Amino acid sequence: MPVRYHHPAAAAATTTTVAALMKRHHPGLSWPQIQDGPMRVACHFCDTLQESPRLREGDAAYCCCCGRQLYRNRAHSLARAVSFSSAGLILMVIAHSFPFLSMKSGGLSTRLTLVETVFTFWGEGSPLLAVAVTFFTIFAPLVLLGGLLYISVPLRYGAAFPGSLTVACWFQRFEPWSMLEVFLLGILVSLLKLGHLAHVTYDTGLWALAGVVVCTSAAMAGIDRMELWDRLEIAQQPVTERAA
Amino acid sequence: MPEPAALQGFASCHTCGKVSVLSADPAAETARCPRCRTPLHLRKPYSLQRTWALLLAAGALYVPANLLPIMEVRGIQGAQNSTILSGVITFWQMGSYPVAIIIFTASVVIPLMKVAALVWLCLAAQGHTVSPPRALNRVYYITELLGRWSMVDVFVVAVLATMVKLGALMTITPGPAAVSFAGVVILTMFSAMSFDPRLIWDRHRESLLNSRNADPAVGDNAYGPEEKGISTPTLLHNPCDRLRLP
Ligand SMILES: [Zn+2]
Ligand SMILES: [Zn+2]
C-alpha cells in the first residue's frame with residue numbers, strides 16, 4: 001500500500017530556525033537529518049524497507065533480511081574525509097612532478113613519470129590504451145579526491161558549494177574506475193620482470209603514489225554515503241526556507 | 001520474510017539511497033530523486049538484458065585478447081611476440097613464480113571467474129537455477145570488488161613499454177591483445193554494474209510464495225510469519241570504530 005510518509009516533525013522542520021537545525025546534531029549520536037522523525041532505508045541487495053534509526057558513533061545497522069550492512073556511523077568521518085583527501089591531492093602533485101622509477105642499463109638511464117607513460121603510449125600508436133590509462137590512473141583519482149574535498153570542506157560548516165550535488169553524483173560514479181592501486185601493483189610486477197635486465201631504482205614518485213593510494217582508501221573508508229547525502233541535503237536547503 | 005520496498009510503492013535512489021514514493025503508472029518513468037535528481041526506478045531498467053549483452057561482448061573480446069600478442073619485444077635476437085598465456089609460462093620457467101602467479105590470477109582466473117559468476121547470477125535471477133540468495137549476495141559483492149584488479153596486465157605492458165627504451169638494443173610495443181583485454185575488463189565491470197541483485201531476492205520471494213500456495217498444509221510455520229510493512233534493521237556495535245583519531 002503506497003503511503004506518503006509524513007511525520008509531524010517533518011512539517012515542523014520547515015518552520016524551525018537555523019539554530020534549531022543545528023541543534024539536531026547531537027554529539028556522539030548520528031548526524032543531522034532533514035527531518036527529526038524516523039527515516040526509511042531500503043537494502044541495496046534485497047530491497048527490504050526498514051526504519052533507519054539514529055546510531056551512536058561506531059555502531060552499524062545491518063539488513064534484517066539479508067544481513068548486509070546498511071549504514072554505519074563512523075567517528076569524525078568529515079574530518080577524516082577532508083584531511084585524507086587534501087593530503088592525497090598534495091601527494092598527487094608530488095607523484096606527477098617526480099619520476100617513480102629510474103633505470104640504468106649500460107650508459108643509458110631512463111626516468112619514468114606517470115604522464116610520460118601516457119605520452120609514450122600515444123606516440124607508439126595505441127591511442128586507445130593511452131586514453132584508458134590516463135582515465136584510470138590520472139583523471140578518475142583526481143575526480144575522486146578533488147570531488148570529496150570540494151564536498152566535505154564546506155559540509156564541515158553546514159554549507160555546500162554550488163554544484164555540490166552534481167559533484168557528489170559524479171564522484172560516486174567514478175569510484176570503481178579509480179585504479180591507482182592496480183597501477184601500483186602493475187609497477188611492482190614490471191619491476192620484478194625487469195629486475196634481471198637492468199638496474200632499477202624506486203624514486204620519490206613511487207612513494208608519493210603509494211601515499212595517494214593509502215589516502216584515497218582511507219578517505220573513502222572513513223565516509224558513510226548515507227551521512228554524506230543527509231548532510232548535503234540539509235546544506236542544500238535554501239537559507240530562506242531554513243530561517244522562515 | 002519482510003516485504004520489499006517496491007511492493008509498497010517506494011523506490012530507493014541508486015545514487016544517494018533516499019527512499020521516496022514511486023507510483024507504478026507509466027508517467028512515473030520520468031520521476032527523479034528529490035535529493036539528487038537521479039532518475040528513479042523500482043529496479044534497474046533492462047538489468048538482465050544489459051548484463052547479458054555486455055557479458056557476450058566481453059566473451060567475444062576475450063578470444064582475441066588471449067590469441068593475439070599482448071606485447072611485442074624487439075631485441076638483438078629479432079622480434080618476439082608474447083601472448084598472455086605464453087608470458088605466464090615463460091616467467092614460470094624462468095623461476096619468477098610471483099610474477100607468473102600474479103599475472104595468471106589477474107588475467108586468466110579473475111576474468112573467467114567473473115564471467116562465470118555473472119552468468120550464475122543472471123541464471124539465478126531468471127529462475128533457471130536455485131541457490132541460497134545470501135550466497136549469491138556474497139558472489140555479487142566479491143565480483144564487484146575483484147573485477148578491477150584484472151587491469152593489472154594492461155598497466156604492466158604500459159610501464160614496460162615506457163621503461164624499456166634501451167637505445168637500439170630492445171623495444172617493447174603493446175600488441176592488439178592489450179586493447180582487447182582492457183575492453184574485456186571494462187565490459188565486465190559495466191556488466192556487473194548493470195546487474196541488479198534485488199532481482200535475485202524478488203525471485204526468491206516469488207518461489208517461497210509459490211511453494212506456500214502449492215502446499216497449504218505446510219502453512220506459515222515453515223517459512224515464518226509474513227511480515228508486512230516496515231521492519232527494523234539489526235544494530236551492531238563495532239568496537240573497531242571506537243578507535244578515535246587523536
Ligand atoms: Zn538486505
Ligand atoms: Zn538520490
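Look up a bit, the structure's there.
As a starting point, this report considers the structure included with it. What you see is a predicted model, and the numbers here were worked out from it, not measured in a lab. (Residues numbered from 1 in each chain as written. Chains lettered and ligands numbered in written order. Predicted model: local features only at pLDDT ≥ 70, side-chain atom pairs only at ≥ 80, totals over all residues. Heavy atoms only, no water.)

1. Digging into the interface of chain A and chain B
(1) Moving on: Tallying the contact residues gives 80 residues for chain A and 83 residues for chain B.
(2) Moving on: Summed over both partners, the interface of chain A with chain B buries about 7200 Å², with 69% contributed by carbon and sulfur atoms.
(3) Moving on: Inspection of the region where chain A meets chain B yields six salt bridges.
(4) Moving on: Across the salt bridge formed by A:E233 and B:K18, the nearest N and O atoms sit 3.0 Å from each other.
(5) Moving on: Our count for the contact surface shared by chain A and chain B stands at 14 residue pairs in polar contact (both at pLDDT 80 or more).
(6) Moving on: Sort the elements by how many residues they give to the side of chain A that touches chain B and helix α7 (residues 180-194) of chain A lands first, with 11 residues.
(7) Moving on: Per-class residue counts for the side of chain A that touches chain B are 44 nonpolar, 18 polar and 18 charged. (Contact = heavy atoms within 4.5 Å. Buried area = accessible area lost by both parts, 1.4 Å probe. Salt bridge = Lys/Arg side-chain N within 4 Å of Asp/Glu carboxyl O. Polar contact = N/O pair within 3.5 Å; in protein donor to acceptor, adjacent residues only side chain to side chain. Helix = DSSP H or I, 4+ residues; strand = E, 2+ residues; numbered from the N terminus. Nonpolar A, V, L, I, M, F, W, Y, C, P; charged D, E, K, R; others polar.)

2. Let's talk about the coordination of the zinc ion (ligand 1)
Residue and element names in this part refer to chain A.
(1) Moving on: Every protein donor of the zinc ion (ligand 1) is accounted for by C43 (SG), C46 (SG), C63 (SG) and C66 (SG), and the metal-donor separations fall at 2.2 to 2.3 Å.
(2) Moving on: Metal-centred angles of 102 to 114 degrees between the four donor atoms at the zinc ion (ligand 1) mark the site as tetrahedral.
(3) Moving on: For the zinc ion (ligand 1), the donor residues sit on a single chain with the sequence spacing C-x2-C-x16-C-x2-C. Within this pair, whereas C46 is found in the loop between β1 (39-42) and β2 (49-52), its partner C66 is found in the loop between β3 (59-62) and β4 (69-72), the two being separated by 20 residues in sequence.
(4) Moving on: On the basis of relative accessibility, which here comes to 7%, the residue C66 falls in the buried class. (Donors = N, O, S within 2.8 Å, 3.2 Å for Na, K, Ca; no water. Tetrahedral: all angles 85-135°; square planar, octahedral: opposite > 155°, others 65-115°. Buried < 20%, exposed > 50% of the residue type's maximum accessible area, 1.4 Å probe, protein only.)

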